[in-house]
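Results of the structural survey
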Amino acid sequence: MALDSKIPNGPIADKWTNYKDHINLVNPANKRNLDIIVVGTGLAGGSAAATLAELGYNVKAFCFQDSPRRAHSIAAQGGINAAKNYKGDGDSIYRLFYDTVKGGDYRAREANVYRLAEVSGNIIDQCVAQGVPLAREYGGLLDNRSFGGTLVSRTFYAQGQTGQQLLLGAYSAMNRQIGRGKIKMYNRHEMLDIVIVNGKARGIIARNLITGEIERHSAHAVVVGSGGYGNVFFLSTNAMGSNATAAWKIHKKGAFFANPCYTQIHPTCIPVSGDHQSKLTLMSESLRNDGRIWVPKKLEDAQAIREGKKKATDLSEDERDYFLERRYPAFGNLVPRDVASRAAKERCDAGFGVNKTGEAVYLDFAAAIKRYGTEDAYVKGLDDKDAALVTKLGAAIVKSKYGNLFQMYYKIVDEDPYTTPMMIYPAVHYTMGGTWVDYNLMTTIPGCFSIGESNFSDHGANRLGASALMQGLADGYFVLPYTIGDYLAPDIKMGEISTDLPEFIEAEKAVKDQIEKFINNNGKHSVDYFHKKLGKIMWNKVGMARNAKGLTEAIEEIAALREEFYKDVKVPGSANEFNQELEKATRVADFLELGELFAKDALHRNESCGGHFREEYQTEEGEALRDDENFAYVAAWEYKGKPSDAVLHKEPLNYENIKLVQRSYK
């Protein structure tokens, strides 16, 4: 089938406004006759469920957690972007649009990105109205800070817990609709298949994770907002329960999967300490506003630090290599995440790593503490030459900005980041790829929509910091509520959809068959055994740097591992009970397919761009080398029975408003 992105005609600044003016609407009396299923209740799903219910639709919301408050959106710490130019430093809708496309290394869809920038300001107004406690300056105005890949301050924040506070805002809006009976909440339920009737998405099959009961749920449209697939690497900054099942199930029923190889490695994570770990911990990118990243200039100093013979504080300024500031003077420590991650890996690979494994660099706040303390002492008329006083005042200011992050680091590492530099290293964090959607956020399955991190549309090959929260809330609050009405308008007289249709019976049987197969398999190895093996293949051969040889090997190894998994996995317990091993088995089964498609996508894309770095395609300076002539397109894969048989469809990216240039942060 041909991909139709349904991008409106006309100037980019007018597309969304003109589009909204001419799409079909559903009047309030008819909305109460229409049912919508929303899978996932993070920022995207939660805001969508609340807004759709507020409009009058009947919403059924599903989450596998015990409460929407536990969605992984709470882990987003640093902030949310919006083009309001509160700092008066030259920001604008176009500037945010430009930075996002450039930050994604010119692999995002222009029209979607401009719309995202256009509605970003509305998100802040919405959240303030909800009572979200965004940080404010002394005079009471909302404060901003900078994030990587930009030259302006446009990131709104709530100390180091922005995602949690924004999620509580969406959750309160959901609760209001739950109380009105417009949202029916299904906690501890997991979507295990989508039901398609006469070519349209008409419901899902879900498992009650407490009782094990398999349930049929019908609706006039299905919205998937279930997040990304970073846990295909096993170790990532994602919550352990984050998975790709909902997105992968719709892919297997006809939704194309786009750009799976575009996966972001975040530069500021607490380094791996051993094989005992089940996940990694993110240190917010906001720390790069004030933290300076460095390694020792001399190999012998790095070796001494690794052996415990020296400490970071023993090295003078002249003995430190602030390598991001040296390589990228225009942006310094605030280069985009893919650039910062590769630079840190390069220094560690060269032998300059500073922890026992040799895979860590320093993030140092001494300069910021001194700068803030000196200024505060001067303002208060105190002695700004008193080093102890300056340090005390500066540490208090840093604590007001990042206190919960510093506390979290201290509890995990048992080192005080106020007096000793943090140690950080890149880790899998966010997935820019996902289900392909058109301008309406609808997949290639009519009536099935995908929002937030589960779709591919807004970030290209690399997501700028503080843009995930922006996209999730833009999709849920301000885009989907318009576009879904255009799709539902012809269905207003359809009435309730029966779950006794043959398509529901068939989908339920397929789910039960897979579950019974796992329960009765009697293999020798746990689910985690296979997940860890998959993660090592992915990290070693499909991770921060990839090459054709490694990718080819990864495809073969993942296919073999998948075969071994089905033969030899052991799932204890029964199907009709709370069984987390069974939950993991169904999810890892999907990761074992997605991982192969991931590697296949990376192998076919013979260029480097953003988070996709092929060792064969780099500049003399070691930067990503794009091939705009041959690869300026979205790679959308159609499922054909197994990942090796997936068929590639291309959506050309026609940049009419931004000239394609080699990305530079120098």
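Shown above is the structure to which this text applies.
Remember, predicted model here, so these are calculated numbers, not experimental data. (Residues numbered from 1 in each chain as written. Predicted model: local features only at pLDDT ≥ 70, side-chain atom pairs only at ≥ 80, totals over all residues. Heavy atoms only, no water.)

**Let's talk about helix α11 (residues 366-379)**
As a reminder of what qualifies: Here a helix means four or more residues in a row that DSSP labels H or I, a strand means two or more in a row labelled E, and each is numbered from the N terminus. Take the residue count of a helix, subtract one, and multiply by 1.5 Å to get its expected span. Here's how the labels work: a residue is buried when its accessible area is under 20% of the maximum for its type, exposed when over 50%, partly exposed in between, all with a 1.4 Å probe on protein chains only. In this description, one arc is meant: the one made by directions from the helix axis to the C-beta atoms. Only heavy atoms enter the contact rule, under which two residues are in contact if any of them lie within 4.5 Å.
Compared with an ideal rise of 1.5 Å per residue, which puts 14 residues at 20 Å, α11 spans 20 Å between its outermost C-alpha atoms and is within 8% of the ideal. Buried within α11 are the following residues: A368, I369, Y372, G373, D376 and A377. The buried residues of α11 occupy an angular sector of 150 degrees when the element is viewed end-on, so they sit on one face. Among the exposed residues of α11, those pointing more than 90 degrees away from its buried face are K370, E375 and Y378. Considering only its buried residues, α11 is in contact with α12 (387-413). Among the residues trailing α11, G381 stands out with phi positive, at a value near 75 degrees.

**A look at the sheet that holds strand β10 (residues 257-258)**
What counts, and what does not: Being paired, for any two strands, means DSSP has found at least two bridges between them.
Taken together, the 4 strands give an open sheet; going across it, the order is β16-β10-β18-β19, and neighbouring strands pair in antiparallel fashion. One side of each edge strand has no neighbouring strand; the edge strands of this open sheet are β16 (434-435) and β19 (647-652). Pairing of β10 with strand β18 (residues 633-638), which is carried by 2 bridges, proceeds in the antiparallel orientation. When the bridges of β18 are listed, A258 appears paired with A636.

**Describing the environment of S664**
Among the secondary structure elements, S664 is positioned in the segment after β19. With 334 residues separating them in the primary sequence, S664 and A330 have C-alpha atoms 9.4 Å apart.

**Notes on the packing of aromatic side chains**
The condition is simple: Two rings belonging to Phe, Tyr or Trp (six-membered ring only in the last case) form a pair when the distance between their centres is within 6.5 Å. Interplanar angles under 30 degrees mark stacking, angles over 60 mark edge-to-face geometry, and anything in between is tilted.
Scanning the model with the defined rule gives 29 aromatic pairs in all. The interplanar angle of 50 degrees and the centroid separation of 6.3 Å between the aromatic rings of F365 and Y402 together place this pair among those described as tilted. Placement of F365 in the loop between β14 (361-364) and α11 and of Y402 in helix α12 is noted, with a sequence separation of 37 residues between them. Each of the two residues, F365 as well as Y402, counts as buried. Their ring planes at 75 degrees and their centres at 5.2 Å tell us that F565 and Y566 sit as a pair that is edge-to-face.

**Remarks on the sheet that holds strand β13 (residues 320-321)**
Put simply, the rule is: All axes are obtained by fitting lines to C-alpha atoms, using only the stretch in contact for helices, and the reported angles, taken between N-to-C directions, cover 0 to 180 degrees.
Ordered in space as β11-β15-β14-β12-β13, the 5 strands form an open sheet in which the pairing is antiparallel. One side of each edge strand has no neighbouring strand; the edge strands of this open sheet are β11 (263-269) and β13. In this sheet, strand β15 (residues 422-431) lies alongside β14 in antiparallel orientation, the contact comprising 3 bridges. Each residue of the ladder has a partner; that of V361, found in β15, is I424. Against the sheet, helix α10 (residues 337-352) touches β11, β12 (292-296), β13, β14 and β15, its axis set at about 65 degrees to β11.

**A look at the pattern of salt bridges**
The condition is simple: Salt bridges are identified by distance alone: a Lys or Arg side-chain nitrogen within 4 Å of an Asp or Glu carboxyl oxygen.
Per the counting criterion, the structure on display carries 54 salt bridges. For R614, the salt bridge goes to E616, with nearest N and O atoms at 3.0 Å. Given the relative accessible area of 2%, R614 is considered buried. Counted as one network, the salt bridges with shared partners bring together D105, R107, D338, R342, R605, E607, R626, D628 and R663.

**As for the packing of helix α5 (residues 110-130) against helix α13 (residues 468-488)**
Helices that pack against each other are described as a pair by the angle of their axes relative to one another and the distance between those axes. Condition: Angular relationships are summarised with four words: roughly parallel below 35 degrees, roughly antiparallel beyond 145, roughly perpendicular across 65 to 115, and oblique for the angles in between. Residues are grouped as follows: nonpolar covers Ala, Val, Leu, Ile, Met, Phe, Trp, Tyr, Cys and Pro; charged covers Asp, Glu, Lys and Arg; every other residue, Gly included, is treated as polar.
At a closest axis distance of 9 Å, the pairing of α5 and α13 adopts a crossing angle of 85 degrees. In terms of their interaxial angle, α5 and α13 are classed as roughly perpendicular. Here α5 contributes R115, L116, V119, S120, N122, I123, Q126, C127 and Q130 to the contact with α13, which in turn contributes M470, Q471, L473, A474, Y477, F478 and V479. In terms of residue class, the contact of α5 with α13 is built from 10 nonpolar, 5 polar and 1 charged.

**Quick word on the environment of E516**
Examined against the element boundaries, E516 turns out to sit in helix α14 (residues 502-519). In this structure E516 comes out as partly exposed when scored by relative accessible area, which is 40%.

**Observations concerning α5**
Residues lying three or four places apart along an α-helix face the same way, a consequence of the helix completing one turn every 3.6 residues. Inclusion rule: At any given residue, the bend is defined as the angle formed between two axes, one fitted to the seven residues that end at that position and one fitted to the seven that begin there.
Helix length check: α5, at 21 residues, gives a terminal C-alpha distance of 30 Å against a target of 30 Å (1.5 Å per residue), a fit within 8%. The largest bend in α5 amounts to roughly 35 degrees and is located at V119. Backbone geometry just after α5 places G131 at a positive phi near 95 degrees.

**Some thoughts on the state of the cysteines**
Note the following rule: Pairs of cysteine sulfur atoms within 2.5 Å are what we label disulfides.
In this structure the tally under the stated criterion is 0 disulfides. Here C63 stays unpaired: no disulfide links it, and the sulfur of C448, its closest cysteine neighbor, is 18 Å away. No disulfide involves C269; its nearest neighbouring cysteine sulfur is the one of C348, lying 13 Å away. A relative accessible area of 0% means that C269 is categorised as buried.

The values reported here are purely geometric and, on their own, carry no functional implication.
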